[in-house]
Amino acid sequence: MSSAAEGARDMCGLLLLLLMLAMAAAAGSVTGRAAVPGWSGSGSRAEGDVGCSKDEFQCLNGHCISVLVLCNGRDDCSDWSDEQNCTLSECGPHEFRCSNSSVCISKYQLCDSQQDCPSGADESDDRCKEIAAQLGKCGEFEFLCDTGQCIELQSVCDNFPDCTDGSDEANCNQNECLEANGKCSDYCWDLPLGYECACPAGLELINHFTCVDVDECRNSDVCDQICVNLHGSYKCECYQRYQRDPHSDACRAAGEEPFLIFTNYGNIRKLNINGMEHEELTDSLENAETLAVDVALSTIYWSDATHEGIFSKSMDQESKQIISGVQRIGGIAVDWIYGHIYWTEAAAGTLSFSTLDGLRRKTLFCVNLVEPAAVVVDPYSGVLYWADVGESAKIEKAGMDGVDRRVLISIRIEKPTGLALDFIKNRLYWMDSGLHELFYSDLNGHFQRSILHSKKYLTNPFGLAVFENHIYWSDEESKTLFSADKFTGANVTSLAQNLTEPRSLVVFHKLIQPLGENWCVEAHAACEFLCVPAPHTAQHYACLCPDDMKSDKTGRRCEIEMNRGISQEEEVDSSAWEDDGADSDLSQEEMDSGPSLEEQGGTSDSSEEKGGKTNLSEEEGGTSSPSEEVETDYSPTQREEKPKAADLAYLDAVSVGIIAIIVVLSGTAMCCAAVHWRVIYRRNKEPRCFSPVPLDAENSLIYSEQGPDAISQRSLL
C-alpha cells in the first residue's frame, strides 16, 4: 500500500510538472510572435517599418501599397496619405474631374447609374439631384447655361452670347472627335458645342460611348418559329417539316392542307382553313358539344349532352359510345401518345380519364373543382391544363399522373371558356367570355398578355385552336367561326357564318400533335391497370389504379384499400404488440410469425405483406422452406414456451452484466479510497514544516496566524 501511495503522489507531481511546461510553452509562443520584426498582431507592418520595396509606396501608417494606385481617388492607405500632394491634370471643357483624384470623365457619364469615378463622386445623390433639377428647367430643344438659364438650342455657338455668362459661346468650334474618336467605339458626331457617339444599325449605345450588339431574339415575336441572333442583325428559320412561305415569309406546314373540325349542335363539320370548302362529317346527332381528335388514328371524339356520354368515330367507321353516365361535360382532350382521353364534368366537379376504348377509367381530380370546363393535354411533357369557370375562376396545371397541381392564372380572369396549346412557341392561349378578351402566357402562367379585346368578335366564345401563325375560335352569340394573328390579334377574319350553334373546334393536321416517347411501353412498365406519364419522376411513368383501389408496394399492381388477408381484430392485436412489446394478448398466428421471421433472416415475405397467402399455399399443397418445416414441428405449447425462454435468457444475461459492472465500480472506488486515506495518514505522521492543527473552533485563529502553511493543511483535510 505504501508503494501505491508513493506512485499516486509521484503521478500527481508529474502531471503538475507537465502542466507548468505547457503553460510556459504557450506563453513563449505568444511572446515570440509579438517579437517578430514588423509584426503588429493584425497582419500589417508595425509603424515606423521601412521595409517597402522600390515599386511600393509607404503610407504614413506604415503600410506599403503599389505606386500604380497612387492618386487614383481611392483611399488605398486607409489614411488618404496616398492621395496627398497629387498633381491634378487639366480636364476638358465637357469633362468632370473626380473628387480627390486626377481622373477626368465625360459629363455624359454623370448620373448614368454606373460608377465611373473611383470614389463614386459621379453617382453621388447630391450631384444627381442637382443635375436632375437643372435638366428639368430646360426642354428637349433647349440649352442649359452654366447660370441655370435656358436658351434655344439653335442659339448655341452662333457667335452671339445668349447666356448672361456667355457659356453658350465658350469652347465652340472644337472638334472633340479628332482626339481618340471622342472615346466612341463606333461613330462620333461633332456638334457645335460638344459631341455625341452613335452606333450602326443592329447595335445600341451604352454608357454614351460603347456600342454593343442588340439581341433581336429577346422579342419572342420577332420570328414566328426560330430566331437566330447575328452580330448587328438576326435571321428567322423554320422547324423541320415546315417551310417558309415566299410571299409572307412565314413558316407553313408541309404536306396536306390543314382543316378545321367543329361541332354545330346536330352535326360535326369540316371546314377548309381559308373558309372556302365546307363538308359534313357526321349528322343526326342529338346535341354535340365538346370535341377532340386523334390525328394519327384519324378518329374524332365528342360529347353529347342528351345521351350523357362520349362518342368516337373513325373516318371510315360508324360512331360508337365509349363513355356513359357523364353529365355536363365541359371539355375533352385526347392523349395521342399514351392513348387516353380526358374530360371534365361540371355537374360532378371532377376531371377524369380513361383508355380510348373506355374500358379502364380513373378519376384524377375531384377536390377543389367548382365548375371545370376546357381541358388540354401535353403528353410530350406529361402535363395537362384545365379551366374552372366557378365562382373563383382560374386556370390550373398538373402532371398527368395527378402530381404537382397548381394554379397558373387567377388574376384578371372571369370566365375562361376555351384553352389551346401552342407547341411551337410554348404558350398557353385562353379566351374569357366574361372579359370578351383573348390572352396568352408561357406554360408556367408568366408573361401574361392580352392580344384581342372585342365585344363584337368575342361576345360569347367557346372553342379555341392554334396552328401556324393563326388562332381560331367559335362564337355562340354571333354563330361564326373567326381567325386572327396569334401574335397581335390583328386581321380578324370570319371563316363561317350563320351556323346553328358552333361550339368546340380543332385543327386537323399531322403536325398539330408532335410525337414523343411512350414510357409506358412493355419494355419500361408493366402496370396492371393504367400507365400515365410522370414528368417529376426518374422513370417518367406512373401506374394508377381504379378509384376504389390503391397501388401495392411494387407500385405496379392494385389492391383494395384495406388488407383483406388480416381482420380488423388481428390488426389491432398486431399494433398493440409492436407498440408495447408484450406477448400476453397475442394470437397464436402472431406468436408463430414473429420468431419465424427472425430465424429466416428478416425476409419480406410475411403473411401480412402477402395478405394471408402463406396459409393459402399450404392448403394448396405448396412446398415450404426447411425453416418453415422445422417451425411447424413445434406443438402449440412449445411455440408459447419458446419466446418465453428466450426472454428469460435475455434477462439473465442483462442481470449478470449489470452485477459485473457494479462489482467493478465498487472495487475501483474502494481502492481509490484506500490509497487516498493512506496518503493522508502518512502525511499526518511524517514531520512537516508546520504543526498539525486540530479541527475545532480555534482553527480560524490558528489559520490566520500561520498563513500559507495553514492553508495547505486545510486544503489537504
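Definitions and cut-offs
- Residues numbered from 1 in each chain as written.
- Predicted model: local features only at pLDDT ≥ 70, side-chain atom pairs only at ≥ 80, totals over all residues.
- Heavy atoms only, no water.
- Helix = DSSP H or I, 4+ residues; strand = E, 2+ residues; numbered from the N terminus.
- Buried < 20%, exposed > 50% of the residue type's maximum accessible area, 1.4 Å probe, protein only.
- Contact = heavy atoms within 4.5 Å.
- Areas by Shrake-Rupley, 256 points an atom, 1.4 Å probe, with all protein chains shown as cover.
- Pairing = 2+ DSSP bridges.
- Axes fitted to C-alpha atoms, helices over the stretch in contact; angles between N-to-C directions.
- Disulfide = S-S within 2.5 Å.
- Core = buried A, V, L, I, M, F, W, Y, C linked by side-chain atoms within 4.5 Å.
- Phe/Tyr/Trp six-rings, centres within 6.5 Å; stacked < 30°, edge-to-face > 60°.
- Lys NZ or Arg CZ within 6 Å of the ring centre and 35° of its normal.
- Salt bridge = Lys/Arg side-chain N within 4 Å of Asp/Glu carboxyl O.
- pLDDT = per-residue confidence, 0-100.
- Polar contact = N/O pair within 3.5 Å; in protein donor to acceptor, adjacent residues only side chain to side chain.

**Here we look at the overall build of the protein**
Line of reasoning, step 1. When helices and strands are counted, the protein shows 10 helices and 42 strands.
Line of reasoning, step 2. When each of the 717 residues of the protein is scored for burial, the buried share is 37%.
Line of reasoning, step 3. A fraction of 35% describes how many contacts in the protein between residues 6 or more apart in sequence connect residues 24 or more apart.
Line of reasoning, step 4. Total accessible area on the protein stands at roughly 41600 Å², and carbon and sulfur atoms take up 52% of it.

**Focus on the sheet that holds strand β30 (residues 416-422)**
Line of reasoning, step 1. The strand order across the open sheet built from four strands is β30-β31-β32-β33, with neighbouring strands paired in antiparallel fashion. One side of each edge strand has no neighbouring strand; the edge strands of this open sheet are β30 and β33 (449-453). Direction aside, the axes of adjacent strands within the sheet are offset by 20 degrees on average.
Line of reasoning, step 2. Strand direction decides the pairing type here: β30 and strand β31 (residues 427-432), joined by six bridges, are antiparallel. Looking across to β31, one finds that D422 is bridged to R427.

**Examining the state of the cysteines**
Line of reasoning, step 1. One pass over the structure, following the stated rule, counts 14 disulfides.
Line of reasoning, step 2. For C527, the disulfide goes to C543, at an S-S distance of 1.8 Å. Between C527 and C543, the S-S dihedral sits near -65 degrees, and the bridge is therefore left-handed. Taken together, the residues C527 in the loop between β38 (502-508) and β39 (530-533) and C543 in strand β40 (residues 541-544) connect sequence positions 16 residues apart.

**What about the environment of F447?**
Line of reasoning, step 1. Looking at the secondary structure, you find F447 in the loop between β32 (437-442) and β33.
Line of reasoning, step 2. Sequence separation of F447 and R427 is 20 residues, and the distance between their C-alpha atoms is 9.9 Å.
Line of reasoning, step 3. When sequence neighbours within four positions are dropped, the list of residues in contact with F447 reads Y440, S441 and D442.

**Describing the sheet that holds strand β34 (residues 461-467)**
Line of reasoning, step 1. Pairing is antiparallel across the open sheet formed by four strands, whose spatial order is β34-β35-β36-β37. Both edges of this open sheet fall to β34 and β37 (493-496), since each of them pairs with a single strand only. Pairwise comparison of adjacent strand axes, ignoring direction, gives a mean angle of 25 degrees for this sheet.
Line of reasoning, step 2. Here three bridges tie strand β36 (residues 480-485) to β37, and the two strands are oriented antiparallel to one another.

**Here we look at the nonpolar core**
Line of reasoning, step 1. Within the largest apolar cluster, 32 residues are counted, with the highest numbers of intra-cluster contacts made by L260, I261 and W302.
Line of reasoning, step 2. Each residue touching L260, except ones within four places of it in the same chain, is listed here: R269, K270, L271, I273, Y472, L495, L505, V506 and V507.
Line of reasoning, step 3. Core analysis: the second largest hydrophobic core is formed by 29 residues, Y342, F353, V377 and L384 among them.

**Focus on the pairing of β36**
Regular strands have side chains that alternate between both faces of the sheet.
Line of reasoning, step 1. Judged by how many residues are buried, β36 sits mostly within the fold: five of six residues are covered.
Line of reasoning, step 2. Two elements, strand β35 (residues 470-475) and β36, share six bridges in a ladder whose sense is antiparallel. Each bridged residue has a counterpart across the sheet, and for W473 the counterpart in β36 is F482.
Line of reasoning, step 3. What sits between β35 and β36 in their antiparallel hairpin is a turn of four residues, with K479 showing a positive phi close to 55 degrees.

**Some thoughts on the packing of aromatic side chains**
Line of reasoning, step 1. Per the counting criterion, the structure on display carries 10 aromatic pairs.
Line of reasoning, step 2. When the centroid spacing of 6.0 Å and the interplanar angle of 85 degrees are considered together, the rings of W336 and F423 count as edge-to-face. Here the residue W336 occupies a position in the loop between β22 (329-335) and β23 (340-345), and F423 occupies one in the loop between β30 and β31, the gap between them amounting to 87 residues.
Line of reasoning, step 3. For W336, a relative accessible area of 13% gives the class buried.
Line of reasoning, step 4. Every member of this aromatic cluster is reached through a ring pair, and the members are Y457, W473 and F482.
Line of reasoning, step 5. Residue placement shows R405 over the ring face of F365; its charged tip is 5.0 Å from the ring centre.
Line of reasoning, step 6. Here R503 stacks its cationic end above the ring of F462, 4.1 Å away from the centre of that ring.

**Some thoughts on the side chain of K394**
Line of reasoning, step 1. For K394, the position within the fold is in strand β28 (residues 394-399).
Line of reasoning, step 2. Given a relative accessible area of 14%, K394 falls into the buried group.
Line of reasoning, step 3. Excluding its chain neighbours within four sequence positions, the residues that come into contact with K394 are N368, W386, A387, D388, V407, I409, I413 and P416.

**Things to note about the pattern of salt bridges**
Side-chain pairs of opposite charge can arise where the charged atoms are in close proximity.
Line of reasoning, step 1. Enumeration according to the criterion identifies 16 salt bridges in this entry.
Line of reasoning, step 2. Close ionic contact of R252 with E468 constitutes a salt bridge, the shortest N to O distance being 3.5 Å. Taken together, the residues span a long stretch of sequence, with R252 in strand β14 (residues 251-253) and E468 in the loop between β34 and β35 at a distance of 216 residues.
Line of reasoning, step 3. Judged by its relative accessible area of 23%, R252 falls in the partly exposed class.
Line of reasoning, step 4. Taking relative accessible area as the criterion, E468 reaches 16% and is therefore assigned buried.
Line of reasoning, step 5. Across the salt bridge formed by D422 and K486, the nearest N and O atoms sit 2.8 Å from each other. Highlighted residues: D422 in strand β30 and K486 in the loop between β36 and β37, separated in sequence by 64 residues. Summarising the burial analysis for this pair, D422 and K486 share the class buried.
Line of reasoning, step 6. Each member of the salt-bridge network shares a partner with another, and the members are D221, R427 and R449.

**Quick word on the pairing of strand β21 (residues 320-324)**
Line of reasoning, step 1. The pairing of strand β20 (residues 309-314) with β21 spans four bridges and is antiparallel. Bridge assignment links I310 to a residue of β21, and that residue is I323.
Line of reasoning, step 2. Turn length for the β20-β21 hairpin, with the two strands adjacent in sequence and antiparallel, is five residues.

**What about the confidence of the model for the protein?**
Line of reasoning, step 1. On average, residues of the protein carry a pLDDT of 75, and 69% of them reach 70 or more.
Line of reasoning, step 2. Below a pLDDT of 50 lies the segment residues 1-5, which in the model reaches eight contacts outside its immediate sequence neighbourhood of four places, other chains included.
Line of reasoning, step 3. With pLDDT under 50 throughout, residues 679-717 is counted as low confidence; its partners more than four residues away or in other chains account for 23 contacts.

**Some remarks on unusual backbone geometry**
Line of reasoning, step 1. Positive phi, close to 55 degrees, is recorded for S298, a residue that is not glycine.
Line of reasoning, step 2. Inspection of the secondary structure puts S298 in the loop between β18 (288-294) and β19 (299-304).

**Structural notes on the environment of D162**
Line of reasoning, step 1. Tracing the backbone through its elements, the reader meets D162 in the loop between β6 (150-152) and β7 (187-190).
Line of reasoning, step 2. D162 sits in the partly exposed class, given a relative accessible area of 26%.
Line of reasoning, step 3. Once residues lying within four places of it in the same chain are set aside, the contact partners of D162 are Q149, I151, S155 and D168.

**Digging into the side chain of S454**
Line of reasoning, step 1. For S454, the location among the structural elements is in the loop between β33 and β34.
Line of reasoning, step 2. Accessibility expressed as a relative area gives 11% for S454, which makes it buried.
Line of reasoning, step 3. Polar contacts involving the side chain of S454 include one to the main-chain amide nitrogen of K456, which spans 3.2 Å.
Line of reasoning, step 4. A polar side-chain atom of S454 sits 3.1 Å from the main-chain amide nitrogen of Y457.
Line of reasoning, step 5. Each residue touching S454, except ones within four places of it in the same chain, is listed here: H436 and T459.

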